[in-house]
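# Fold and geometry: a report
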Amino acid sequence: MPGPTSASALLALLDEPEQDLQAHALTRLNDLVDTFWAEIADSVSKIEVLYEDERFGQRELAALVASKVYFHLGEYEESMTFALGAKEWFDLESGSEYVETIISKCIDTYIDWSAKRDDDPASIGTAKIDPRLQDVVERMFRRCLDSGDYKQGLGIALESRRLDTIEHFITATSTTEDLKAYVLSASMTLVQSATFRNKVLRLLVDLYLKEGKGAEPDYFNVGKCVVYLNDNKIASEVLRELVVKGDEKHLLTAYQIAFDFDASATQDFLQKVSAALPTDDEKNKEVYDRIRKILLGEESIALFLEFLYRNNKTDIRILNKTKDTLEARNSIFHSAVTFANAFMHSGTTADGFFRSNLDWLAKATNWSKFSATAALGVIHKGHLSQAMTLLQPYLPQDGVSTSPYSEGGSLFALGLIHANHGAGVLDYLRTQFKATQDETIQHGAALGLGVAGMATGDEDIYEELKNVLFGDSAVAGEATGLAMGLVMLGTGHERALEEMLQYAHETQHEKIIRGLAVGMALLQYAREESADGLIAQLTGDASPILRYGGIWTIALAYAGTGNNKAIRQLLHFAVSDVNDDVRRVAVMALGFILFRNPGAVPRLVELLSESYNPHVRYGASLALGISCAGTGMPEAIKLLEPMIKDPTDFVRQGALISMAMILMQHNDQTNPKVTEVRAQFAKTIGERHEDAMAKFGAALAQGIIDAGGRNVTIGLQSPSGSLNLQGIVGMALFTQFWYWFPTAHFLSLAFTPTAVIGLNKDLKIPKFEFVSNAKPSTFAYPPEEKAKEEKKDEKMATVELSTTAKAKARARAKKEKEGDSMELDEQDVKVEEDKMETDEADKKDEKKEKKEKEPSSEAKENLTRVVPAQLKYVTFPESARYAPVKKDLTGGVVMMLNKKPEEPEELVEMKARTEAASTPADQVEEEASMPEAFEYPFPADD
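So, how was this worked out
Along each chain, residue indices are assigned from 1 in the same order as the chain's sequence is written. pLDDT decides what is reported in this predicted model: residues at 70 or higher carry local features, side-chain atom pairs at 80 or more are listed and counted, and totals for whole chains, interfaces and linings draw on all residues regardless. Only heavy atoms go into the side-chain values, all of them from the structure, while hydrogens and water stay out. Helix and strand assignments follow DSSP, with helices taken as H or I runs no shorter than four residues and strands as E runs no shorter than two, numbered in order from the N terminus. Only protein chains enter the calculation, and the probe is 1.4 Å; a residue is then buried if its accessible area is under 20% of its type maximum, exposed if over 50%, and partly exposed in between. We call two residues contacting when some pair of their heavy atoms lies within 4.5 Å. Computed by Shrake-Rupley with a 1.4 Å probe, the accessible areas treat only the displayed protein chains as cover when residues are assessed. Detection works on a 1 Å grid of protein atoms alone, calling trapped sets that fit a 1.4 Å probe cavities and calling open sets with protein on both sides within 12 Å along at least five of seven lines pockets, with lining residues defined by an atom within 4 Å of a point. Grid points are joined across faces, edges and corners, and a volume is the space filled by probe spheres set on the points. By definition, two strands form a pair when at least two bridges between them are found by DSSP. Side-chain atoms within 4.5 Å are what join buried Ala, Val, Leu, Ile, Met, Phe, Trp, Tyr and Cys residues into a set we call a nonpolar core. Each salt bridge in this description consists of a side-chain nitrogen of Lys or Arg and a carboxyl oxygen of Asp or Glu lying within 4 Å of one another. Ring geometry is summarised as follows: Phe, Tyr and Trp rings, the Trp one being its six-membered ring, pair when their centres sit within 6.5 Å, and such pairs are stacked at plane angles under 30 degrees, edge-to-face over 60 and tilted between the two. A positively charged side chain is recorded as over a ring if its NZ (Lys) or CZ (Arg) lies within 6 Å of the ring centre. The angle to the ring normal must also be within 35 degrees. The angle between two axes is taken between their N-to-C directions and runs from 0 to 180 degrees, where each axis is a line fitted to C-alpha atoms and a helix contributes only its stretch in contact. Here is the rule for angles: anything less than 35 degrees is roughly parallel, anything more than 145 is roughly antiparallel, 65 through 115 is roughly perpendicular, and the remaining ranges are oblique. By the convention adopted, Pro, Cys, Tyr, Trp, Phe, Met, Ile, Leu, Val and Ala count as nonpolar, Lys, Arg, Asp and Glu as charged, and the other residues, Gly among them, as polar. Each helix should span, by expectation, one fewer than its residue count multiplied by 1.5 Å. A residue's bend is the angle separating two fitted axes: one through the seven residues that end there, the other through the seven that start there. Take the far helix as the reference: if the near one is turned anticlockwise from it by less than a right angle, the crossing is left-handed, and if turned clockwise, right-handed. pLDDT expresses, on a scale from 0 to 100, how confident the predictor is about each individual residue. Here a polar contact means two N or O atoms within 3.5 Å. Within protein one must be a hydrogen donor candidate and the other an acceptor candidate, and residues neighboring in sequence count only if both atoms are side-chain atoms.

### Here's the deal with the overall build of the chain
Broken down by element type, the chain carries 44 helices and 9 strands. Relative to its full complement of 942 residues, the chain shows a buried share of 55%. Long-range pairs, those at least 24 residues apart, make up 74% of the contacts in the chain with a sequence separation of at least 6. Carbon together with sulfur atoms contributes 49% to the accessible area of the chain, which is approximately 42500 Å² in total.

### Brief notes about the layout of surface pockets
One simple way to see leftover space: roll a probe sized like a water molecule over the atoms. As a volume, the second largest pocket reaches approximately 1000 Å³. Lining the second largest pocket are 34 residues, with D218, F220, N221, K887 and D888 positioned closest to its centre. Take the lining of the second largest pocket: its biggest share by element is 6 residues, from helix α10 (residues 176-189).

### Observations regarding unusual backbone geometry
Of note in the backbone geometry, R710 takes a positive phi value of approximately 65° without being a glycine. Mapped onto the elements of the fold, R710 is located in helix α41 (residues 707-710). Unlike most non-glycine residues, L763 shows phi in positive territory, near 60°. With respect to the element layout, L763 can be found in the loop between β3 (755-759) and β4 (769-772).

### Quick word on the pairing of β3
The buried count for β3 comes to 5 of 5 residues, which makes it a mostly enclosed element. Burial along β3 is two-sided: A755, I757 and L759 and V756 and G758, pointing in opposite directions, are all buried. Judged from the 2 bridges that link them, β3 and strand β6 (residues 864-865) form a sheet pairing that is antiparallel. Bridge pairing in β6 links A755 to R865. As paired strands, β3 and strand β9 (residues 892-898) are joined by 4 bridges and run parallel to one another. When the sheet's bridge partners are listed, I757 is paired in β9 with V893.

### Considering the sheet that holds strand β5 (residues 858-861)
Pairing within the open sheet is antiparallel, and its 3 strands lie in the order β5-β4-β7. Either end of the sheet is taken by a strand with one partner, and the two such strands are β5 and β7 (874-875). As paired elements, β4 and β7 share 2 bridges and run antiparallel to each other. Looking at the pairing, S772 lines up with V874 of β7.

### Focus: helix α16 (residues 285-295)
Residues of α16 that are buried: V287, Y288, R290, I291, R292, I294 and L295. Tucked into the core, α16 has its buried residues touching α13 (232-245), α14 (248-264), α15 (267-276) and α17 (298-310). Two residues or fewer after α16 comes G297, characterised by a positive phi angle close to 90°.

### A word on the environment of F259
Topologically, F259 is positioned in helix α14. Note on F259: relative accessible area 5%, which makes it buried. Considering only alpha carbons, one finds F259 and I291, 32 residues apart in sequence, at a separation of 8.6 Å. With residues up to four places along the chain from it excluded, the contact list for F259 reads I294, E299, S300, L303, L759, L763, V893 and M895.

### Considerations on the nonpolar core
Counting residues in each nonpolar core, the largest one holds 287 residues, and the members touching the most others are F90, I166, F261, I291, W552, I714 and F734. Sequence-distant contacts of F90, defined by excluding residues within four places in its chain, comprise L64, A83, Y98, V99, I102, I103 and R139.

### A word on the environment of A115
On the secondary structure map, A115 appears in helix α6 (residues 97-119). Looking at A115, the relative accessible area reads 22%, which means it is partly exposed. When residues no more than four places from it in sequence are discounted, the contact partners of A115 are D120 and R161.

### Brief notes about the pattern of salt bridges
Considering all chains together, one arrives at 45 salt bridges under this definition. Note that D289 is salt-bridged to K285, the shortest N-O span being 3.1 Å. With D289 and K285 both in helix α16 and 4 residues apart, the pair spans about one turn of that helix. In this structure K285 comes out as partly exposed when scored by relative accessible area, which is 40%. Across the pair D762 and K761 runs a salt bridge whose closest N-O atoms are separated by 3.8 Å. Through salt bridges with shared partners, a single ionic network connects E459, E463, K466, R495 and E499.

### Remarks on the packing of aromatic side chains
In the structure shown here, the tally under the stated rule is 31 aromatic pairs. Taking the centre distance of 5.9 Å and the plane angle of 85° together, the rings of F90 and Y98 count as edge-to-face. Among the aromatic residues, those joined into a ring-pair cluster are W367, F370, Y405, F412, W740 and F746. One Lys or Arg, R584, reaches over the ring of W738 and ends 3.8 Å from the middle of that ring.

### Thoughts on the sheet that holds β3
In space, the 4 strands of this open sheet follow the order β6-β3-β9-β8, with mixed pairing throughout. Among the strands making up the open sheet, the edge pair consists of β6 and β8 (882-884). Taken together, the 3 bridges between β8 and β9 define a ladder with antiparallel strand orientation. Looking across to β9, one finds that A883 is bridged to L897.

### Section: the packing of helix α18 (residues 316-325) against helix α19 (residues 331-344)
The geometry of α18 relative to α19 is characterised by a closest axis approach of 10 Å and an angle of 175° between their N-to-C directions. In terms of their interaxial angle, α18 and α19 are classed as roughly antiparallel. The residues of α19 that touch α18, namely those facing I318, L319, T322 and K323, are V337, A340, N341 and M344. In the contact of α18 with α19, the residues fall into 5 nonpolar, 2 polar and 1 charged.

### Quick look at the side chain of T713
Tracing the backbone shows T713 in strand β1 (residues 712-714). Among the residues examined, T713 registers a relative accessible area of 10% and is labelled buried. Those residues within four positions of T713 in sequence are excluded, and the remaining contacts are G630, M664, Q665, A750, F751, T752, T754 and P868.

### Section: helix α2 (residues 19-41)
For α2, which comprises 23 residues, the first-to-last C-alpha distance of 21 Å sits more than 12% below the rise-based estimate of 33 Å (1.5 Å per residue). T35 marks where α2 bends most, by close to 100°. Buried residues of α2: Q22, A23, A25, L26, L29, N30, L32, V33, F36, I40 and A41, and no others. Of the surrounding secondary structure, the elements contacted by the buried residues of α2 are α1 (8-13), α3 (44-52) and α4 (59-72).

### Section: the packing of helix α39 (residues 674-686) against helix α40 (residues 692-705)
In the contact formed by α39 and α40, the axes pass within 8 Å of each other and the chain directions differ by 145°. In the packing of α39 onto α40, the handedness of the crossing is left-handed. Of the residues in α40, those in contact with R678, F681, A682, T684 and I685 of α39 are A694, K695, A698, A699, A701, Q702 and I705. Across the contact of α39 with α40, the residue classes break down as 8 nonpolar, 2 polar and 2 charged.

### Structural notes on the environment of A574
Relative to the helices and strands, A574 is located in helix α33 (residues 564-576). Counting along the chain gives 13 residues from A574 to V587, while the straight-line C-alpha distance between them is 5.8 Å. Not counting residues within four places of it along the chain, the set of residues in contact with A574 comprises R583, A586, V587 and V616.

### What to know about the confidence of the model for the chain
With 88% of its residues at a pLDDT of 70 or more, the chain has an overall mean of 87. Confidence drops under a pLDDT of 50 for residues 820-825, and excluding neighbours within four residues, the segment shows 3 contacts in the predicted structure. Scored below 50 in pLDDT, residues 916-931 makes 36 contacts in the model with residues more than four places away or belonging to other chains.

### Re the side chain of R678
Secondary-structure assignment places R678 in helix α39. At 2.7 Å, the side chain of R678 and the side chain of D706 are in polar contact. Every residue in contact with R678, bar those within four places of it in the chain, is listed here: I318, I705, D706, R710 and P782.

Right, here's the structure in full:
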């Protein structure tokens, strides 16, 4: 039987006075509305009248029909309002497109109201949420619980800021551990309110520590939470609790958590945790001493130094070729090679390139000399025990002055060696800083103080820096502005901000204003909404340099959060500000906000990368490099490829640097563009008519792509997922090389060694193997550049006269008669036999190569490189003697549980502590003992 072809008859019944007829009409219209909604829309006002009539018995049904009509008309706000009036008639279980759309609209409205209630209560005044809307949300929560869609329910609860519902979901289900891990991950990456995120993390800490009977608390996730919350009290309590339990597994867990703290927390946090550990527990004194050494960074620094020293795979031919190609008398080229060398050998202690090229090094003058000396700090980064000895020839001497540039550079180098672990050198640097009136030495000492005293919040150092700042020296003032921000990193110190902002308005030196602008941004690191007041003040300032500082404040305050409000602000300034510097850094800052979601950045900057403004294009290129570093992401590379051929030189520079960042630790197996890109770097450097800025970028790119002996990547977050304070700050200050080349050295702070370093309960390195279930070639080091064979000069054919030729022929005939021909024949036969044997051997070798197939896995030893993409392929066999105490392998230092403690252990001998790799990179394996210190052949300055 054919269905109805019109709803006109039913619509006519709505005009009848009898409620039963009207109710019947509504019931039928509810069934037919998806087909005849266009016809019913003409009479929707009649349906609304019935809904508003309190005497009508089927008001809720009328609301449902009206809601469906408005849904088909695309009026979702009106549709939601009537759906709420339908009450129980609005069936959440139906699963239709209409129901799912209106539920989504209800949830979005509820989420918006919740956000305004917490973030901007003035905007909603005393208004309360519609109880009917809340009822729909509550019913949705119940549906998720009943159907087992726990993560969907938790996602809604997180967005709507319902802490009670989050706790109920976690405690009322059997998959508690999975749900807690999901909430932790989602809160760190998706929740955009720092205040609510802190509440969620507090709740998780309580839930983790209050596990049911017989269950072991997840101490590792507690550690993640307390680092973000900056709660050193709980951190020290957790460590004490683990130590008191006393068994090997809990001790290893305590050590592992301490290493995790060291990888992601500030110096201030680590010092407070260390100070809170017991000093009167004689039984566990040795254990607490070890934990303190870990927290102070001594253990991890020594271990990573050992790893980089042993596994240095720098291809020195690349560096030598670049040095020979670029004219050393040009300071920009000299600095470029200096930075490339520093990056390539970062942390390896291999300064052989400098030692082998003293004549080249002697050509450094003024600030090039400063950068060259500071490069020692990058090369020997982490070599704490030998830092003063290595730098002694260049450090300021009482009564003796050689060169203020090398002295200033050496103080900066000392800070870089002790980056974020400067307790041992801060007093020395303060003494040198106060003892000199030379602005160049003050500049180096201030940078050294800042990087060594990073995030200590030391007010005495701040005051000393401020006193020099008020001297109004442009050179010293720029460095002190940056150093003040570094020392007070992330504290949001109100008096410091007030003084820095006031002086930025008073001084006339642009260098000082810029240093203070970036310094103020550093004070607001990771403070999110707490920085909004300063952001509004700086971005609204008439000075473009202070607006520039305001953009950096957004980048650092919201780093890694993916905050939508921050992204909107940056995009606004990227297209509307009148100053090119502000526009450039606004685009660049997108990389800092979104580095936890790198896939979003190519889509976001795609149009900006084609902007008419070259500064915007440069910002887009670096945004891709910063956010996609080490990922090898094809989408990012596709955007950068045309920018390498951009008509503007500095855009080409940015594209080359970013390409190197993205392709770090990749080979042709993981990304087929690697060989082509490396060739492009060499081509740009060798191109005679290429601009100096592009060549500078290509040289830096060569250093970055092979950084740390090809054993590091750029890590803006720690292996455990927390923000990497050193990495973010180092990357931010590296970008300041646009104005001041020596700041390029700060990139070394972002270099993260990619290793698996297993330790036993005594913090020694045992010998063991684990399995990488991938072909060896997949994650192998790139092949070294082949040395070019020298072309031999071809001899010209000698012209012979006919009489000479006849004379030679007669001589040959005479020798043949005397028997010489016999010897010649024997030699020919021998040559032929040798040739046949060689051919046969070659054929055998070819057959052998064809037969050998590459294995599908490989055994790797402890203390070797494992790149981030390789970690998912790593396994520890069940039969292995050692197993990691932490379930999820994240790389770095891993505490290993010894399953056969009764058997003697074979340990790896530490070499980097006793030997200095002061030989060229290609001779590192010879492990020569440390040669005597040498002094750069810099002429003394007048």
